[in-house]
Amino acid sequence: MDTKNSILSLRGVKKQYSGAPNPAIEDITLDIEQGEIYGLVGENGAGKSTLIKTIAGAIEITDGEVLYKGEKLICKSPEAAIEKGIGVVYQEFNLFPNLAVYENIFFGIEVKKNGFLDRKLMIQKAQEILKQLGFELDVTKRVSTLSPAYQQATEIAKCINHNVELMIMDEPSAPLTEKEVGQMFKVVRKLNESGVTIIYISHKLNEIFDLTNRVSVLRDGHLINTFRTEEVTEQELIREMVGREITDIYPEKAIGAKDVILRVENLSSSKVHGVSFELRKGEVLGFGGLVGAGRTEAMRLLFGADKKTGGTVYINGEEVQISNPIDAIRNGIGLIPEDRKMQGLVLNKSIFLNCLLPSINKYSKSGFIRFKDAHSDIGKLYDILKIKAVDQNQVVSHLSGGNQQKVVLEKWLLRNCDILILDEPTRGIDVGTKQEIYQLIKDLAAEGKAVIVISSEMPELIGVSHRIIVMHEGKVAGEVKGEEITQEAILTLAS
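Heads up: these notes are all about the structure in this document. Everything numeric here is computed off the predicted structure, so don't read it as measured data. (Residues numbered from 1 in each chain as written. Predicted model: local features only at pLDDT ≥ 70, side-chain atom pairs only at ≥ 80, totals over all residues. Heavy atoms only, no water.)

Quick notes on the side chain of E410
In step 1: Among the secondary structure elements, E410 is positioned in helix α14 (residues 401-415).
In step 2: For E410, the residues in contact, after removing those within four places along its chain, are I351, C355, I378, L381, Y382, L385 and I387. (Helix = DSSP H or I, 4+ residues; strand = E, 2+ residues; numbered from the N terminus. Contact = heavy atoms within 4.5 Å.)

Considering the packing of helix α5 (residues 148-161) against helix α6 (residues 178-193)
In step 1: Two elements in contact, α5 and α6, have axes whose closest approach is 11 Å; the angle formed by their N-to-C orientations is 10°. With respect to α6, the element α5 is oriented roughly parallel. In this structure, α5 contributes A149, Q152, I156 and I160 to the contact, and α6 contributes E180, M184, V187 and L191.
In step 2: Class assignment of the residues belonging to the contact of α5 with α6 gives a composition of six nonpolar, one polar and one charged. (Axes fitted to C-alpha atoms, helices over the stretch in contact; angles between N-to-C directions. Parallel < 35°, antiparallel > 145°, perpendicular 65-115°, else oblique. Nonpolar A, V, L, I, M, F, W, Y, C, P; charged D, E, K, R; others polar.)

Describing the sheet that holds strand β13 (residues 260-268)
In step 1: Across the sheet, which stays open at both edges, the four strands sit in the order β14-β13-β16-β17 with antiparallel pairing between neighbours. Every other strand in the sheet has two partners, leaving β14 (275-280) and β17 (318-320) as the edge strands with one partner each. Neighbour-to-neighbour, the strand axes of the sheet open up by a mean angle of 20°, direction not taken into account.
In step 2: As defined by bridge partners, β13 adjoins β14 across five bridges and the pair is classed as antiparallel. In the strand pairing of β14, L267 is matched with V275. (Pairing = 2+ DSSP bridges.)

So, the environment of V453
In step 1: Mapped onto the fold, V453 is located in strand β22 (residues 450-454).
In step 2: Judged by its relative accessible area of 1%, V453 is buried.
In step 3: The spatial distance from the C-alpha of V453 to the C-alpha of K475 is 17 Å, given a sequence separation of 22 residues.
In step 4: When near neighbours in sequence (up to four residues on either side) are disregarded, V453 contacts V284, L285, G286, F287, L422, P425, I441, L461 and V464. (Buried < 20%, exposed > 50% of the residue type's maximum accessible area, 1.4 Å probe, protein only.)

So, the nonpolar core
In step 1: In this structure, M167, Y200, L262, F277 and L302 are the most contacted members of the largest nonpolar core, which totals 119 residues.
In step 2: With seven residues, the top contributor of residues to this core is helix α15 (residues 431-446).
In step 3: Ignoring anything within four residues of it in the chain, the contact list for M167 reads G87, V89, I156, C159, L191, V196, T197, I198 and I199. (Core = buried A, V, L, I, M, F, W, Y, C linked by side-chain atoms within 4.5 Å.)

Re unusual backbone geometry
In step 1: Within the chain, N266 stands out as a residue other than glycine whose phi angle is a positive 55°.
In step 2: Looking at the secondary structure, you find N266 in strand β13.
In step 3: Positive phi values are uncommon outside glycine, yet N416 reaches one of about 60°.
In step 4: On the secondary structure map, N416 appears in the loop between α14 and β21 (419-423).

Details of the pattern of salt bridges
As a working rule, side chains carrying opposite charge can pair if their charged atoms are close by.
In step 1: The final tally for this structure, using the stated rule, is 16 salt bridges.
In step 2: Two residues, K449 and D418, come together in a salt bridge whose shortest N-O distance is 3.7 Å. Residue K449 is located in the loop between α15 and β22, and its partner D418 is located in the loop between α14 and β21; the two are separated by 31 residues in the primary sequence.
In step 3: Overall, the relative accessible area of 13% leaves K449 in the buried class. (Salt bridge = Lys/Arg side-chain N within 4 Å of Asp/Glu carboxyl O.)

A short note on a nonpolar patch on the surface
In step 1: Residues V346, L357 and I360 make up a contiguous nonpolar surface patch of roughly 220 Å² in combined accessible area.
In step 2: Of note, I360 is situated in the loop between α12 (351-356) and β19 (364-365).
In step 3: The class for I360 is partly exposed, based on a relative accessible area of 32%. (Patch = residues over 30% accessible without salt bridge, like charges linked within 9 Å, V, L, I, M, F, W, Y side chains within 5 Å. Areas by Shrake-Rupley, 256 points an atom, 1.4 Å probe, with all protein chains shown as cover.)

Thoughts on empty space enclosed by the protein
In step 1: Applying the stated criterion across every chain yields a total of two cavities of 30 Å³ or more.
In step 2: If you trace the largest cavity, you find it lined by P251, E252, K253, A254, V284, Y438, I441, K442, A445, G463, V464 and H466.
In step 3: Of all elements in the fold, only α15 and α16 (458-464) reach the threshold of two or more residues within the lining of the largest cavity.
In step 4: In terms of residue count, α15 provides more of the lining of the largest cavity than any other element does, four residues in total. (1 Å grid on protein atoms, 1.4 Å probe; cavity = no way out; pocket = protein on both sides within 12 Å on 5 of 7 lines; lining within 4 Å. Points joined across faces, edges and corners; volume = space filled by probe spheres on them.)

Focus on the sheet that holds strand β1 (residues 6-15)
In step 1: Spatially, four strands are ordered β2-β1-β4-β5 in an open sheet, and the strand pairing comes out antiparallel. The strands lining the two open edges of the sheet, one partner per strand, are β2 (25-33) and β5 (71-72).
In step 2: Examined bridge by bridge, β1 and strand β4 (residues 63-68) share five bridges and lie antiparallel to one another. Considered in β4, the bridge of R11 is made with E65.

Re the environment of N324
In step 1: Relative to the helices and strands, N324 resides in the loop between β17 and α10 (325-330).
In step 2: In this structure the C-alpha to C-alpha distance between N324 and L121, which are 203 residues apart in sequence, comes to 48 Å.
In step 3: Excluding its chain neighbours within four sequence positions, the residues that come into contact with N324 are F303 and G304.

Listed below in structure tokens is the structure:
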């Protein structure tokens, strides 16, 4: 690579966190060329987040140097980085939800006239930026009222308003629908055509192949290889990411569903209308449908997270009353929610405490918690799930997305639920970890557990499910099983 054309160069970059046995990243040397779309891939915990945080000023490197436009980059904060022309669009948006769209776009660089905020001009300019991106949006709306796609557009518009020359996009498609992903692709290409260099991070390799010029692979904190995207295959990238050959990501399904463990009749709310189904021991039951079809809403009603207006739930043939999640847990139901950060974890607490929360009564006696037993049991699951962390006491906010998802899984495995609901279980997770989760689903079913899987990824839904119930506008549109399970059949019912 001719470094004269490089907008960003890393030379021997290392980050060692205090107390960690190994560096998060080590000896990273690479050059990103002015005007390219540069892909970055790797398993969860490979070091991608640490790497982009060093570039964006969120953390300070331990060794090495970062050069931006030929000069040493010293940024003590993300604000300092964006002033230099480096912006980041994170998977978890960095917006002020109670402020208007235009207020977020102009935050820190407000326009004033005669000493007062010139709101009229800021509204006009914010609308112009979003229109250039292909979004018609009322910029006076609060960000909290927007869909993920429009929140992402606001993040991108904020970067554009700061005149960034280098934009880092971290799993930008994770919260989006298929249609919204297409719009996002157009935005990425339009930005690139206008001269913005883009670092694009994604676990979805089809996006890497569609968008990028070159792609680098990280594994265990090291840069493994860099390819011209047109000169590498998907299988080669996967092998470089995981360090082994992955031939079939979906394990053979466990055989033979047994007795009915769960029966739901006419489950209803303002968004769910008369949903009925049965679930058997040893079965993986998929729930398909378009985004907004009511799949998540139905499972939240079943779990008692939302209030139902009607419906009856039977477990092992007996009617049960589930008014809240505590009732669900007592009846052997666990839920891994779609939003693991907001609903599945206490981010500022340790792995140990997050895992213990649903099972405190299991380890309590006479008002005291048997911490030794809990640590032992959590440690065994910690090893089985191959969680990458310093130890059980590490705060979960410091883990990668995939390892956070494993912690959510671990807490329900510790609880030993008979019925486990997994809502988008592999969103934002690398291919190696996906395979581990699919194997875990199969193992749970083989043990006689009953598993419900909601997924927007059609191959995933087909790959793990014995039966699939398809929802449309809050109702059950139909069911497919066995040889009937095809994308065409699911999409026909979904639409």
